[in-house]
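# Tertiary structure, described
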Amino acid sequence: ITPKFETLLSTQVWMDAASQIFYSLGVGFGSLHTMSSYNKFNNNCYRDAITVAIINCCTSVFAGFAIFSLLGFMSAKTGIPVDKVAQQGPGLAFIVYPEGISKMSVSALWAILFFFMLLLLGLDSQFAMVEAVISGLTDKFPI
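Not measured: the values here are computed from a predicted model.

What counts, and where the lines are drawn
- Residues numbered from 1 in each chain as written.
- Predicted model: local features only at pLDDT ≥ 70, side-chain atom pairs only at ≥ 80, totals over all residues.
- Heavy atoms only, no water.
- Salt bridge = Lys/Arg side-chain N within 4 Å of Asp/Glu carboxyl O.
- Buried < 20%, exposed > 50% of the residue type's maximum accessible area, 1.4 Å probe, protein only.
- Helix = DSSP H or I, 4+ residues; strand = E, 2+ residues; numbered from the N terminus.
- Expected span 1.5 Å × (residues − 1).
- Contact = heavy atoms within 4.5 Å.
- Polar contact = N/O pair within 3.5 Å; in protein donor to acceptor, adjacent residues only side chain to side chain.
- pLDDT = per-residue confidence, 0-100.
- Phe/Tyr/Trp six-rings, centres within 6.5 Å; stacked < 30°, edge-to-face > 60°.

This model, assessed by the stated rule, comprises one salt bridge. Between Asp48 and Arg47 there is a salt bridge, with the nearest N and O atoms lying 3.3 Å from each other. Residue Asp48 is classed as partly exposed on the basis of its relative accessible area, which comes to 26%. For Arg47, a relative accessible area of 45% gives the class partly exposed.

Between its first and last C-alpha atoms helix α3 (residues 45-78) spans 49 Å; for 34 residues at 1.5 Å apiece the expected length is 50 Å, and the two agree. Among the residues of α3, those classed as buried are Asn56, Gly64, Leu70, Leu71, Met74 and Ser75. Where α3 is buried, its residues meet α1 (11-25), α4 (82-85) and α5 (90-102). Just downstream of α3 lies Gly79, where phi reads positive at about 80°.

What follows covers α1. Taking 1.5 Å of rise per residue, the 15 residues of α1 would be expected to cover 21 Å, and the 21 Å separating its terminal C-alpha atoms lies within 8% of that figure. N-capping of α1 is provided by Ser10, with a side-chain oxygen placed 3.3 Å from the backbone N of Gln12. A positive backbone phi angle near 70° is found at Gly26, which sits one or two residues after α1.

Another point: the confidence of the model for the protein chain. Looking at the protein chain as a whole, its pLDDT mean stands at 84, while 99% of the residues score no less than 70. Here α5 is the element of the protein chain with the lowest mean pLDDT, 78, and helix α6 (residues 107-140) is the one with the highest, 87.

It is worth spelling out the packing of aromatic side chains at this point. Under the defined criterion, the tally for this structure stands at one aromatic pair. Between Phe114 and Phe115 the ring centres are 5.0 Å apart and the planes differ by 75°, which places this aromatic pair in the edge-to-face class. A residue is classified by how much of its surface remains accessible, and Phe114, at 9% relative accessible area, is buried. Here Phe115 falls in the partly exposed class, since its relative accessible area comes to 38%.

So this is what it looks like as structure tokens:
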């Protein structure tokens, strides 16, 4: 695999990257605002914002390594080029990833861990979303 550095000059790549960062941070969902409302009055919000952004970006890079290493593994096993192995959208998580995991040794363990991770990610996202709604309701209608 050789990187195509000329794609970094494409504005579409940067727009996709920016939308992914905003989506993964959840800026528009209100979860970060809700969680920050529990801070002390003199909390260093600037430090917290930078810390959250850096941790989010590092997590995205780590996830990229995990995804592309599995796609490379599948490409090597099947002899299909990497760009033909990958699918966009939910097909990556629910078709390509399970197929790749099934080709690994101890595949049952990896499959359980993968779907457990998906479950935890979904639950974690829902906790933050529900907290944003409940916090707003309890602020408006105190018990």
